[in-house]
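# Analysis of the macromolecular model
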Amino acid sequence: EIFNGDVERAPIMTSEVELHQGVQRCVIRFRHVVIAIRRLIDWAETVDEIDAARIGVVGFSLGATVANVAMGVDARIAAGAFVLPSTKLHEIFAYGRVPHWKESIDRARANLQLTPDELAQKVEPILRSIDPIHFSKSIDSTKVLLIEAAQDSYVPAQARQLHWEALGRPRLIRIDYDHKVAFLLSMTFLSRNF
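Below is a summary of the structure that appears in this document. On a predicted model such as this, the values are computed, not experimentally measured, just so you know.

## Topic: the sheet that holds strand β1 (residues 56-60)
A sheet is described by the order of its strands in space; here four strands give the open sequence β1-β2-β3-β4, paired in parallel fashion. Because the sheet does not close on itself, it has two edges, and the strands there are β1 and β4 (171-175). Between one strand axis and the next, the sheet turns through 10 degrees on average, direction left out of account. Two strands pair when backbone bridges link them, and strand β3 (residues 144-149) and β4 are joined in this way by five bridges, in the parallel orientation. Among the inter-strand pairings, A149 is bridged to a residue of β4, identified as I175. The strands that helix α2 (residues 62-73) touches are β1, β2 (79-83) and β3; relative to β1, the one it contacts most, it runs at about 150 degrees. Packing against the sheet, helix α7 (residues 157-166) makes contact with β3 and β4, and its axis sits at approximately 175 degrees to β3.

Okay, structure coming up:
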C-alpha cells in the first residue's frame, strides 16, 4: 500500500517484523509487474503482426524502474526508455522522499524509533532485489534512452549518477525541473513533445 500511494490502507508498522513484511509485499508486487511484462512479450511473440525483434519498453518514475529491471532480465526487450527511474530504493523509502509515502514512513520510523539511516539499513537487503542498478549491467547501453530530472528531490544526484554508470552511460537527457514537474512534462503535451 505504501508503494502504490494508498496511505489510508497502509498498515501502521509497530515492529521490525511488520516492517520487513510490508516491504517484502512491495517487492512481490514489483516482481509481479516484471513477470506481467514478460508474459506480454510471450503473447506478442505469437502475433504475426508484431516484429518480436523490435519490442521495446517505456516506463515513467517507478514504472521506469520496473522497465529497467524487465529489460535487465529479459533479452527479448530490444530497447528501453527509462524516464525518471528510481534507484537506491532503500534511501528513497527511508527518507520518505515521495510525498504520498512520507506520512506512512514517518509513522513507521517513529513507531520503530529509527533514524532515516537506520531504516534505510534495515530495508536495503530486501529492496536490493529490485534495485535497477543490479540489473543494468546486462543491458546494452546503445539500446537505452535515460531521461532524468536535473533537480530531482526524490532520487538524489549521486544515485542518478551511479545508475547512469551502471547502465553503461547511455544517451541521457536531463529535464531542468524536479521529479514531479519533469514527470508532467515528459508524460503530457505540456512540453510540446507530442
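From this point, the discussion proceeds with the structure in view.
## Some remarks on the packing of helix α1 (residues 16-44) against helix α5 (residues 116-127)
Where α1 contacts α5, the axes come no closer than 10 Å and their chain directions differ by 40 degrees. By the angle between their directions, the pair α1 and α5 is classed as oblique. Crossing of α1 against α5: the hand is right-handed. Counting all contacts with α1, which are made through E16, L19, H20, V23, Q24 and V27, the residues of α5 involved are L119, K122, V123, I126 and L127. Among the residues making up the contact of α1 with α5, the classes are represented as seven nonpolar, two polar and two charged.

## Digging into the pattern of salt bridges
In the structure shown here, the tally under the stated rule is 10 salt bridges. Across the pair E16 and K122 runs a salt bridge, and its minimum N-O distance is 3.3 Å. Remark: K122 occurs in helix α5 and E16 occurs in helix α1; sequence separation between them is 106 residues. E16 gets classed as partly exposed once you look at its relative accessible area, which sits at 35%. Of the charged contacts, one joins R174 and E148 as a salt bridge, the two residues approaching to 3.2 Å between their closest N and O atoms. Taken together, the residues span a long stretch of sequence, with R174 in strand β4 and E148 in strand β3 at a distance of 26 residues. For E148, a relative accessible area of 3% gives the class buried. Several salt bridges converge on common partners, so that one network encompasses R38, D42, E45, D74 and R76.

Reading the values: rules and limits
Residues numbered from 1 in each chain as written. Predicted model: local features only at pLDDT ≥ 70, side-chain atom pairs only at ≥ 80, totals over all residues. Heavy atoms only, no water. Pairing = 2+ DSSP bridges. Helix = DSSP H or I, 4+ residues; strand = E, 2+ residues; numbered from the N terminus. Axes fitted to C-alpha atoms, helices over the stretch in contact; angles between N-to-C directions. Contact = heavy atoms within 4.5 Å. Parallel < 35°, antiparallel > 145°, perpendicular 65-115°, else oblique. Left-handed = near helix turned anticlockwise from the far one by under 90°. Nonpolar A, V, L, I, M, F, W, Y, C, P; charged D, E, K, R; others polar. Salt bridge = Lys/Arg side-chain N within 4 Å of Asp/Glu carboxyl O. Buried < 20%, exposed > 50% of the residue type's maximum accessible area, 1.4 Å probe, protein only.

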